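Structural overview for review
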Amino acid sequence: MASLVGSRVERKEDKRFLTGKGRYTSDINIANQTYAIFIRSPHARAKIKKIDTSKALKSSGVVDILTGEHIAKDKIGGLIAGWAIRSEDGSEMKCPANPPLAKDSVNFVGDPVAVVFAETLDEAKAAAELVKVDYKVLKAVANLSDAMNSEAIHDGIEKNLCYDWLLGDRQKVKEAFDKADKIIKLDIINNRLIPNAMEPRACVIDYNTASEEITCYTTSQNPHLSRLIMSAFGGVAPENKLRVVAPDVGGGFGSKINLYNEEIVCSWASKKIERPIKWVAERTESFLTDTHGRDHITHAELAVTNDGKFLGFKNETIANLGAYARVFGTVTPTYLFGPCATGVYIMPAAYSNVKAVYTNTAPVDAYRGAGRPEATYTIERIVDKAAMELGIDPIEIRMKNFPTEFPFKQTLVHQVDSGDYIAGLNKAKEMADYDGFAARKKESESRGKLRGIGVTSYFEACGIAPSPVVMMLGCGVGLWESAEVRFNPTGQVTVYTGSHSHGQSHQTTFAQIAADELGVPIENIDVVHGDTDKGTFGMGTYGSRSLTVGGIAIVNACKKIVNKGKKIAAKMLEENPDDVDFKNGEFVVTKSNKKKTIGEVAFASYLPGVRDEVKSPLPEGEEPGLIESSFFDPSNFSFPAGSHICEVEIDPETGRVKLDKYTAVDDFGTIVNPLIVEGQVHGGLAQGIGQALCENAQYDESGQLITASYMDYTMPRADDLPDFNLGFTCTKATTNPLGVKGCGEAGTIAATPTVMNAVINALGGKEISLPATAEKVWNACKELKKSNAKAA
Amino acid sequence: MKTFNYHSAKDVKEASKLASSNSAFLAGGMTTLPSMKLGLASYKDIIDIKRIKKISGIKVSGKTVTIGAITKHVEVANSKDVKKAIPSLAALAEGIGDPQVRNRGTIGGSIANNDPAADYPSACIALNAIIHTNNRKINADKFFTGMFETSLKSSEIIEAIEFNIPQKSSYQKLPNPASRYAIVGVYVAKHKTGINVGVTGAKSSVYNDKNLAGALSKNFSSSAIDNVKISTSGINSDIHASAEYRANMIKAFAKKAVDAC
């Protein structure tokens, strides 16, 4: 049987999704359900003086209306930050309470203060309009650059500062800078983004009054983690009385890692009102209340020699946390950001200093890439600036500073186990026809257009684990994954995984892995996930950890199955287990060529006896059945890397940027399914390009989100994108048996700096901020024309 | 969305009779329905006019193209007659919104709504359109009176729009990257009787840019526009484009339009 790992197996999910048979949370209806509408603060910052529900309670169809007072009385806990980060001075980070329904104060537009349950959605909406909330409006802190000099928005959190974190050695950096020929300086704003999963958040709660069990169907990337938080911190119900199911989920990009107010409130309320509850966010609610991404202000400096060697790097960043610190909110701008800020380069000295601050805006948390796109943007932009100021080709300066030996001890934290950055960049250079750029630029200029080329080399740390390391760094939980592999007596296999698929195609990828390990046709393998009542635990899908951590748990569980199968086969064949080999689904005794298929072994394991004699195929002490589980906790992160090159053409009359060519060469280690991986790269690129050219979440001074719909928030569309030219190199990860590294974030991480480097290259080095909108580019073109005229 | 009474009118007369100060006519519903869903608008009565066949369809005579009010954008975009008589008008229709909008939205709905960034009003101005309603004919330059405002009375229904076929014309727009409405859209049309430059997206309502038209009357070439100064006074400014940028884009897109004529 040919290996399935590495084949372009068509997705098992396709039929379901392409024929409209997906089953999403909002497709679920429970008999007798009520409909929830949340009443949200229209102000960015205010004290709640009084909530009057009397009129609304009398409105048609209303079942109940609950407020922050009720939830506080029932001692239901709030939302939490999952990682504890310490400041440079050793003090612990400062986090405000974040009750599921605000009782005393609201801190961003969309902060929920009350919830209406009614017989129909329209009745719930009508009643919600009758709830009177009396606010004392306070001056909002909406601007990140002023936040530390503004009034504290949370009691006891001075300067709105959660932490002032340092990674690296300031003294060593100073010494390196003293030796430098030149210091390159760069100020950047990493623009705020709204994840915009296609499926808005939703939850459907079913409370069983007899068993007292709550079932919460929800749009989550990590149902097990949601249950843990809701139970351990929310106190909604003990874990054994709480089932969390995340059925088909239409995209998350990090925004569905968090457990949100609505899930806690509805789960708690369902028990209180003894009715099922359905809540589905409207798109405006998604804009306002889904966790946002990025939003950094960074000052970076790179110390270089005249011949382009890097000596040292400084990264001073202010990161916006929004109104509250959420699950990955505090780690995204620290350990997921700081260590990667020195990029793929030998950097003798470096530090990252991050001040994370609160503002009266929606909470900011992990968004596809989480910290690593911000880090890569910083280093790759400053490296390009260095190349320009030193008059060195952007590819040459990168090659000069790449490590040539692996493992590579990256400056700040990571021990990168494998990679070949030179091979990747060489391949990208060739695929992009880098050397032909000058001719294409000339041709563009003949049509009055500007053309620019941009290069980025990146690495990322993903496969987020191992537990002892992440817990040492402040994570509140261990980040292993687990799997159970179950043979049915008749030979099909069910794989239970703790990882969750919300677009990643685990049902296909994981089945491919199990098919190879067990020698069972892929059609006979089903993958079950997303239900805390079905199968094993998981810590969630983010940071490209499903395959690298969850997938390996499946591999290991399969290996256990094979080991047990060997013993059973040996007994059945009356041979020594050491003489039995397993290959292509068969246990074979090499010397005698006797064999048993794994199906026969599975069957025998469940029917361990024969008619007319007392005889078992099971060796002494072996239990019946063929089910094994495994927890996997890797010894290190995994480190995908790559080089991307793109070309843009700019119309100086209008400032419009046309992305003309895009080449991505990535090293994801072993690729299980190229079809799925290419899809991941395409999607990631679209999001990274979106950040570079169009996406931008904006609040006004009073804290109102002024990009709260698709009329104002620009998503990238198919006609904004060129055909992508993809290539791969492969150095296998050494920390897992498959050699896989993860591919979920790569496109997003590399695309933003690649596109901006190209735009700025076209503009002759004129800096512009993200995103490169037509007007900004037009202004830069005007300045360029002026300075060119002066020079002439 | 608040509850409302739904009426499907069989003819213009019935529709007009049902109208009140608390009603809305429903053609494609591309603005009315989202506004109602978002709670920005509510009506007691919704009067659906899209089953009135009489006010649909395209007729081309020697000098004019007349398009029924409830004709969908896609029909204008695909019409061989329009493509032949006024290709720029078919191209404009092809560039409105997205396929969903073009298969629902209507020309009458678009101009009755008079969104400051809609495409069709610029065509009406540039092509000396006459708006036929159930009780009068209104010249385009008297029809668009302000932001989302027209000279239509509450019970008045557009039946058709009659466009003059120009000698040359082109519509060029800088679409808002998010909504794909026009940040600036410029419709240049050269008629025997003179030149019009219909500009949309730039001000509170569509207008005929007399300065540009004047310059082009002397010399119909894009270089004639180079020295025209466009003031930023009255020009829209928002998160997508400042007044200065918009003003410059009026010129840039007018030039593109002239070049494309």
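Residues numbered from 1 in each chain as written. Chains lettered and ligands numbered in written order. Predicted model: local features only at pLDDT ≥ 70, side-chain atom pairs only at ≥ 80, totals over all residues.

Some points on the overall build of chain A
Where we set the bar: Helical segments are the DSSP runs of H or I of at least four residues, strand segments are the runs of E of at least two, and each set is numbered from the N terminus. Here the radius of gyration uses the C-alpha set of atoms, whereas the globule reference equals 2.2 Å times the residue count to the power 0.38. Backbone-placed C-beta atoms define the burial measure: a residue is buried with 20 or more other C-beta atoms within 10 Å of its own, exposed with 12 or fewer, and partly exposed in between. The contact criterion used here is simple: two residues whose C-beta atoms, placed from the backbone, lie within 7 Å are in contact.
Looking only at helices and strands, chain A has 19 helices and 28 strands in total. Relative to the 2.2 N^0.38 estimate, which gives 28 Å for 792 residues, the radius of gyration of chain A is 28 Å and therefore close to what a compact globule would have. In terms of principal-axis extent, the alpha carbons of chain A reach across some 105 × 75 × 50 Å. Within the span of chain A, comprising 792 residues, buried residues form 58% of the whole. Across chain A, contacts joining residues at least 24 apart in sequence account for 80% of those joining residues at least 6 apart.

Some details on the overall build of chain B
Looking only at helices and strands, one finds 11 helices and 14 strands in chain B. On the principal axes, the C-alpha backbone points of chain B span a range of 55 × 45 × 30 Å. Out of the 261 residues belonging to chain B, those deemed buried represent 50%. Long-range pairs, those at least 24 residues apart, make up 61% of the contacts in chain B with a sequence separation of at least 6.

Points about the packing of helix H14 (residues 506–518) of chain A against helix H15 (residues 546–573) of chain A
All names here are of chain A. So the rule is basically this: Orientation is described by lines fitted to C-alpha atoms, with helices fitted over the stretch in contact, and by angles between N-to-C directions that extend from 0 to 180 degrees. For classification purposes, angles smaller than 35 degrees are called roughly parallel, those larger than 145 roughly antiparallel, those between 65 and 115 roughly perpendicular, and all remaining angles oblique. The hand of a helix crossing depends on one turn: near helix anticlockwise from the far one by less than a right angle means left-handed, and clockwise means right-handed.
One can describe the packing of H14 onto H15 by two numbers: an axis separation of 9 Å at closest approach and a directional angle of 30 degrees. Accordingly, the angle class assigned to the pair H14 and H15 is roughly parallel. Pair H14 / H15 crosses with right-handed handedness. Contacts from His506, Thr509, Phe510, Ile513, Ala514, Glu517 and Leu518 of H14 reach H15 at Ser546, Leu547, Gly551, Ile554, Val555, Cys558, Lys559 and Ile561.

Here we look at the interface of chain A and chain B
Under the convention used in this document: The classification used treats Ala, Val, Leu, Ile, Met, Phe, Trp, Tyr, Cys and Pro as nonpolar, Asp, Glu, Lys and Arg as charged, and all other residues, Gly among them, as polar.
Counting residues at the interface gives 12 residues for chain A and 10 residues for chain B. Along the lines of polarity and charge, the residues of the side of chain A that touches chain B split into 6 nonpolar, 3 polar and 3 charged.

A word on the domain arrangement of chain A
By a widespread convention, an interface's size corresponds to the accessible area lost as its parts come together. Residues and elements named next belong to chain A. Operational definition: Each domain's extent was defined by an automatic or database domain assignment.
Taken as a whole, chain A is organised into domain 1 (402–408 + 416–463 + 636–792) and domain 2 (480–632). The C-alpha centroid of domain 2 is placed 42 Å from the C-alpha centroid of domain 1. Each side of the interface is counted separately: domain 1 has 15 residues, and domain 2 has 15 residues. Considering only residue class, the side of domain 1 that touches domain 2 consists of 7 nonpolar, 6 polar and 2 charged.

Quick word on the sheet that holds strand E21 (residues 525–528) of chain A
Residue and element names in this part refer to chain A. Short version of the rule: Criterion used throughout: strands pair if DSSP finds at least two bridges between them.
Pairing within the open sheet is mixed, and its 4 strands lie in the order E21-E20-E19-E25. Each edge of the open sheet carries a strand with a single partner, namely E21 and strand E25 (627–632). Strand-to-strand twist in this sheet, taken as the mean axis angle between neighbours without regard to direction, amounts to 15 degrees. As defined by bridge partners, strand E19 (residues 481–487) adjoins strand E20 (residues 493–497) across 5 bridges and the pair is classed as antiparallel. Opposite glutamate 484, over in E20, you have tyrosine 496 as the bridge partner.

With respect to the domain arrangement of chain B
All names here are of chain B. What the domain assignment lists for chain B is domain 1 (5–164) and domain 2 (168–260). Taking only C-alpha atoms, the centre of domain 1 and the centre of domain 2 are 23 Å apart. If you look at the interface, domain 1 gives 25 residues, while domain 2 gives 24 residues.

Looking at unusual backbone geometry
Residue and element names in this part refer to chain A. Here the residue pair alanine 465 and proline 466 is connected by a cis peptide bond, since its omega of -10 degrees sits within 30 degrees of zero. By secondary structure assignment, the location of proline 466 is in the loop between strand E18 (450–459) and helix H13 (467–472). Residue proline 771 is reached from leucine 770 by a cis peptide bond, and omega for that bond is -15 degrees. For proline 771, the location among the structural elements is in the loop between helix H18 (746–762) and helix H19 (774–791). The backbone phi angle of asparagine 160 is positive, close to 60 degrees, even though this residue is not glycine.

What to know about helix H5 (residues 87–94) of chain B
Buried within H5 of chain B we find Ser88, Leu89, Ala90, Leu92 and Ala93 of chain B. Where H5 of chain B is buried, its residues contact strand E5 (64–68), helix H3 (73–78), helix H4 (80–85), helix H8 (120–126), strand E10 (158–164) and strand E11 (168–175) of chain B.

Examining the sheet that holds strand E2 (residues 23–26) of chain B
Residues and elements named next belong to chain B. On the basis of which strands lie adjacent, the open sheet formed by 3 strands has the order E1-E3-E2 and parallel pairing. Taken across any chain shown, the strands that pair with only one partner, and hence form the sheet edges, are strand E1 (5–8) and E2. When strand polarity is set aside, the average angle formed by the axes of neighbouring strands in this sheet is 20 degrees. Sheet analysis places E2 next to strand E3 (residues 45–48), joined by 4 bridges and oriented parallel. Paired with alanine 24 across the bridge in E3 is isoleucine 46.

A few points about the packing of helix H9 (residues 372–390) of chain A against H18 of chain A
For any two helices packed against each other, one specifies the inter-axial angle together with the distance between the axes. Residue and element names in this part refer to chain A. Relative orientation of the contacting elements H9 and H18 amounts to 30 degrees, with a least axis distance of 8 Å. With respect to their mutual orientation, H9 and H18 come out roughly parallel. As H9 runs across H18, the sense of the crossing is right-handed. Of the residues in H18, those touching H9 at Arg372, Pro373, Thr376, Tyr377, Glu380, Arg381 and Asp384 are Thr748, Ile749, Ala750, Thr752, Pro753, Met756 and Asn757. For the contact of H9 with H18, the residue count by class is 6 nonpolar, 4 polar and 4 charged.

Re the nonpolar core
Grouped burial of nonpolar side chains is what soluble globular proteins tend to show. Put simply, the rule reads: A set of buried Ala, Val, Leu, Ile, Met, Phe, Trp, Tyr and Cys residues, joined to one another through C-beta atoms within 7 Å, is what we call a nonpolar core.
Core analysis: the biggest nonpolar cluster contains 324 residues, and Val116 and Ala514 of chain A have the highest contact counts within it. Looking at this core, the element that brings in the most residues is H15 of chain A, giving 13 residues.

With respect to the environment of alanine 9 of chain B
Structurally, alanine 9 of chain B can be placed in the loop between E1 and helix H1 (12–18). Apart from residues no more than four positions distant in its own chain, alanine 9 of chain B is found in contact with Glu14, Ala15, Leu18, Ile47, Asp48, Ile49 and Ile52 of chain B.

Side note on the environment of asparagine 788 of chain A
All names here are of chain A. Among the secondary structure elements, asparagine 788 is positioned in helix H19. Residue classification places asparagine 788 among the exposed residues on the basis of 10 C-beta atoms within 10 Å. Measuring from C-alpha to C-alpha, the distance between asparagine 788 and glycine 764 comes to 9.8 Å, with 24 residues separating the pair along the chain.

Structural notes on H15 of chain A
Residue and element names in this part refer to chain A. Our working definition: In this analysis, the expected span of each helix is defined as 1.5 Å times one less than the number of residues it contains.
If you check H15, its first and last C-alpha atoms are 38 Å apart, about what 28 residues at 1.5 Å a residue would give, namely 40 Å. The element H15 is extensively covered by neighbouring structure, given that 21 of its 28 residues are classed as buried. Directly beyond the C-terminal end of H15, a positive phi value near 55 degrees is found at glutamate 574.

Some thoughts on the confidence of the model for chain B
Put simply, the rule reads: Known as pLDDT, the predictor's per-residue confidence is scaled from 0 to 100.
Of the residues in chain B, 100% have a pLDDT of 70 or more, and the chain-wide mean is 96. In the model output, the complex is listed with pTM 0.96 alongside ipTM 0.94.

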